[in-house]
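# Residue-level structural notes
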Amino acid sequence: METFSEVFLNRVSSWGLAILGAVVIILASWLYYPGSRSAYPLPPGPKGSFIIGNILQVPLERSDAQFAEWAREYNSDIIYLNLLGQPVIVLNSLKPAVDLLDKRGVIYSDRPPFPLLEALGFRSNVALIGDGTQYRKIRKAYGNFLSASSSLAYRDMQLRHAHTMASEIATSPEKWQSCLSQFATRVLFGLAFAIDVVDENDPYFKLANEMGWVLSNMGNPGFTVLDLAPWLGNVPRWIGNLIPSVKYANDHNPVIEEFHQRPFDAVMQGHKAGIMKPSFLGRLLEAREARREDEDVTKFFTDTEIRGAGGSLYSAGQDTTYSTETIFVMAMVLAPDVQKRAQKEIDMITGGTRLPSFDDWKALSVVERMVYETLRFHPAVSSGIPHRTLKEDVYRGMCIPKANAWAMLHDPNVYKDPFTFNPERFLPVSEGGGGEPIPIGQFGFGRRVCPGQYFGFSSVWIAIATILAKFDIVPVKDKDGRDIMPKLEFTSGITRYDFA
Ligand code: HEM
């Protein structure tokens with residue numbers, strides 16, 4: 001078995017960090033939803049300052065942990081925050097998230113505006129657009145083309161890229177992070193556009209990396225100056241450039257636009273030439289083409305919508321897949337015994353002579369548990385992407401203006417030793433496990449639940465199975481030969497955290 005060392009986990013991002021911690025629901029707006037007019041009390045929460053409310057109390061990094069801390073302090077799994085006049089409700093446990101976001105999904109599926117992301121060029125990104133006709137049309141297409149059964153069609157492609165990743169790590173173990181990232185990039189390009197990204201010099205890979213960089217360095221979405229004063233997006237460019245977030249949007253908008261346009265053009269060309277391989281975008285184009293003359297044209301996608309739907313798959317799926325893989329590597333360094341046990345079980349199935357394939361899924365339940373535990377241990381989207389309510393709602397006698405997700409997966413009442421990586425916690429007690437529930441919430445809730453969850457889960461499954469079968473993951477040594485254990489640190493961004 002070859003080894004690769006946990007050198008630096010320099011950069012892990014995830015839309016996922018959003019969900020694991022808590023689910024945040026944002027009120028439509030204070031104007032439409034003045035809590036003071038409600039007959040019901042607001043949930044408890046820290047006392048804020050005049051006008052700015054709690055904004056300065058919410059840390060830029062690991063806000064999910066602070067939300068959980070407030071939940072303990074106020075003895076309430078739902079807490080209330082006032083962020084510059086915008087009421088925010090943070091849901092720190094599973095029950096209210098299911099009760100509100102799942103069961104009352106009709107009114108909890110809107111999104112608040114994200115002015116910085118929109119100015120950067122993510123205007124038609126599905127994760128950000130509000131509930132409405134266009135959104136529902138795209139979700140329907142996602143439902144058709146990314147369902148559990150539709151996602152099976154991509155397994156050969158995922159397996160092929162997992163093998164490439166393994167040979168790349170074997171050649172350059174010190175570049176393991178880049179290899180994991182390329183795997184995530186390749187499977188998402190394969191899914192969305194049927195484009196083969198060759199290596200790190202591939203222009204698509206470079207473009208994707210640039211977009212990743214833009215997303216990970218934009219600051220805390222929703223809290224930049226441009227987010228708080230969206231009108232700054234309309235001032236003359238030279239004035240706007242005096243404001244860092246406006247300048248950031250102006251400087252990086254061309255990359256994001258290009259990211260949405262280039263693969264779309266490539267798929268269009270293939271489509272016209274009749275040489276298109278199956279991809280999500282291709283299927284949308286085919287569906288549009290096959291439209292009957294008498295059918296309602298609004299049911300079909302415009303070019304802008306197709307570009308947005310394809311780009312959204314990549315932007316929401318690459319980071320989360322890569323983050324989850326990286327967290328897995330870190331977990332293996334922290335829990336060498338778990339790694340050895342899993343490798344033993346894999347070897348029993350493969351005989352140690354071949355790499356696992358999706359056909360081994362059932363026999364390798366250990367890998368499935370490891371994926372669940374990785375998603376629980378540090379969910380890629382820990383505080384969830386905010387949901388916005390379309391109207392006032394009342395829950396447990398409280399007025400609910402808006403909501404958040406990491407605490408749920410670390411609830412000590414549900415998961416024993418929640419900060420320990422232990423995939424056996426999901427095994428039934430009768431089989432020697434902890435009998436703890438398979439986590440939900442890491443993929444979000446209600447109508448906004450992650451449409452890429454089946455594809456994402458299987459990408460991570462095959463990556464983990466392949467890595468465990470082929471490599472030992474060990475900590476890097478210091479000059480005296482002692483192990484250097486990784487330190488998990490989180491950075492701001494919708495879905496990003498870093499290790500050092
Ligand atoms: C593998 C790990 C992944 C995790 C942990 C994850 C997690 C999430 C979460 C928490 C949300 C927000 C849900 C909500 O608002 O309640 C989300 C949304 C989304 N995800 Fe994923 N995701 C993953 C992979 C993927 C993949 C591979 C794709 C694409 C194939 C994808 C596409 C999307 C899209 C388009 C949205 C926006 C949905 C909407 O707003 O309606 N995700 N994801």
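Residues numbered from 1 in each chain as written. Predicted model: local features only at pLDDT ≥ 70, side-chain atom pairs only at ≥ 80, totals over all residues. Heavy atoms only, no water.

## Quick notes on the packing of helix α6 (residues 155–171) against helix α7 (residues 176–193)
Put simply, α6 and α7 touch, their axes get as near as 9 Å, and they point 160 degrees apart. One finds that α6 runs roughly antiparallel with respect to α7. Classified by chirality, the crossing of α7 by α6 is right-handed. Contact residues: α6 offers Met157, Gln158, His161, Ala162, Thr164, Met165, Glu168 and Ile169, while α7 offers Trp176, Cys179, Leu180, Gln182, Phe183, Arg186, Val187, Gly190 and Leu191. (Axes fitted to C-alpha atoms, helices over the stretch in contact; angles between N-to-C directions. Helix = DSSP H or I, 4+ residues; strand = E, 2+ residues; numbered from the N terminus. Parallel < 35°, antiparallel > 145°, perpendicular 65-115°, else oblique. Left-handed = near helix turned anticlockwise from the far one by under 90°. Contact = heavy atoms within 4.5 Å.)

## Thoughts on the side chain of arginine 186
By the element assignment, arginine 186 lies in helix α7. By relative accessible area, which is 2% here, arginine 186 ends up buried. At 2.5 Å, the side chain of arginine 186 and the backbone oxygen of valine 198 are in polar contact. Ignoring sequence-local partners within four residues, the contact set of arginine 186 consists of Met157, His161, Thr164, Glu168, Val197, Val198 and Asp199. (Buried < 20%, exposed > 50% of the residue type's maximum accessible area, 1.4 Å probe, protein only. Polar contact = N/O pair within 3.5 Å; in protein donor to acceptor, adjacent residues only side chain to side chain.)

## Looking at the coordination of the iron atom of the ligand
Of the protein atoms, Cys450 (SG) alone serves as a donor to the iron atom of the ligand, at 2.3 Å. Looking at where cysteine 450 falls in the secondary structure, it is placed in the loop between β8 (398–404) and α16 (453–470). (Donors = N, O, S within 2.8 Å, 3.2 Å for Na, K, Ca; no water.)

## What to know about the nonpolar core
Counting 105 residues, the largest nonpolar core has Phe189, Phe328, Met332, Met370 and Trp461 as the members making the most contacts within it. Among the elements that make up this core, the one with the highest residue count is helix α13 (residues 303–334) (12 residues). When residues no more than four places from it in sequence are discounted, the contact partners of methionine 370 are Phe328, Met332, Val338, Ala342, Phe421, Pro423 and Leu468. Judged by nonpolar contacts, the second largest core, of 14 residues, contains Ile107, Tyr395, Met398 and Met408. (Core = buried A, V, L, I, M, F, W, Y, C linked by side-chain atoms within 4.5 Å.)

## Here we look at unusual backbone geometry
A positive phi angle, close to 55 degrees, is found at alanine 194, a residue other than glycine. Following the sequence through the fold, alanine 194 ends up in the loop between α7 and α8 (203–216). Backbone geometry places aspartate 417, a non-glycine residue, at a positive phi of 45 degrees. As for its position among the elements, aspartate 417 is in the loop between β8 and α16. Judged by relative accessible area, which is 48%, aspartate 417 ranks as partly exposed.

## Brief notes about the pattern of salt bridges
This model, assessed by the stated rule, comprises 23 salt bridges. Among the salt bridges present, the one from glutamate 69 reaches arginine 72, with a minimum N-O distance of 3.0 Å. Highlighted residues: glutamate 69 and arginine 72, both in helix α1 (residues 63–73), separated by 3 residues, approximately one helical turn. Residue glutamate 69 is classed as partly exposed on the basis of its relative accessible area of 35%. Residue classification places arginine 72 among the exposed residues on the basis of a relative accessible area of 56%. The closest approach of N and O atoms between lysine 175 and glutamate 200, which form a salt bridge, is 3.2 Å. (Salt bridge = Lys/Arg side-chain N within 4 Å of Asp/Glu carboxyl O.)

## With respect to the UniProt feature "binding site: heme" (unreviewed entry) in the protein
Mapped onto the present numbering, the UniProt feature "binding site: heme" (unreviewed entry) falls on Cys450. Overall, the relative accessible area of 27% leaves cysteine 450 in the partly exposed class. (UniProt positions renumbered as here; feature names shortened; annotations may be inferred.)

## A look at the packing of aromatic side chains
Taken as a whole and assessed by the stated rule, the structure comprises 18 aromatic pairs. Judged by centre distance (6.2 Å) and plane angle (20 degrees), the ring pair of phenylalanine 358 and tryptophan 361 falls under stacked. We note that phenylalanine 358, like tryptophan 361, is buried. Among the aromatic residues, those joined into a ring-pair cluster are Phe358, Trp361, Tyr372, Tyr415, Phe426, Phe457 and Trp461. Sitting over the ring of phenylalanine 301, lysine 137 keeps its end group 5.4 Å from the ring centre. Residue placement shows arginine 307 over the ring face of phenylalanine 264; its charged tip is 5.2 Å from the ring centre. (Phe/Tyr/Trp six-rings, centres within 6.5 Å; stacked < 30°, edge-to-face > 60°. Lys NZ or Arg CZ within 6 Å of the ring centre and 35° of its normal.)

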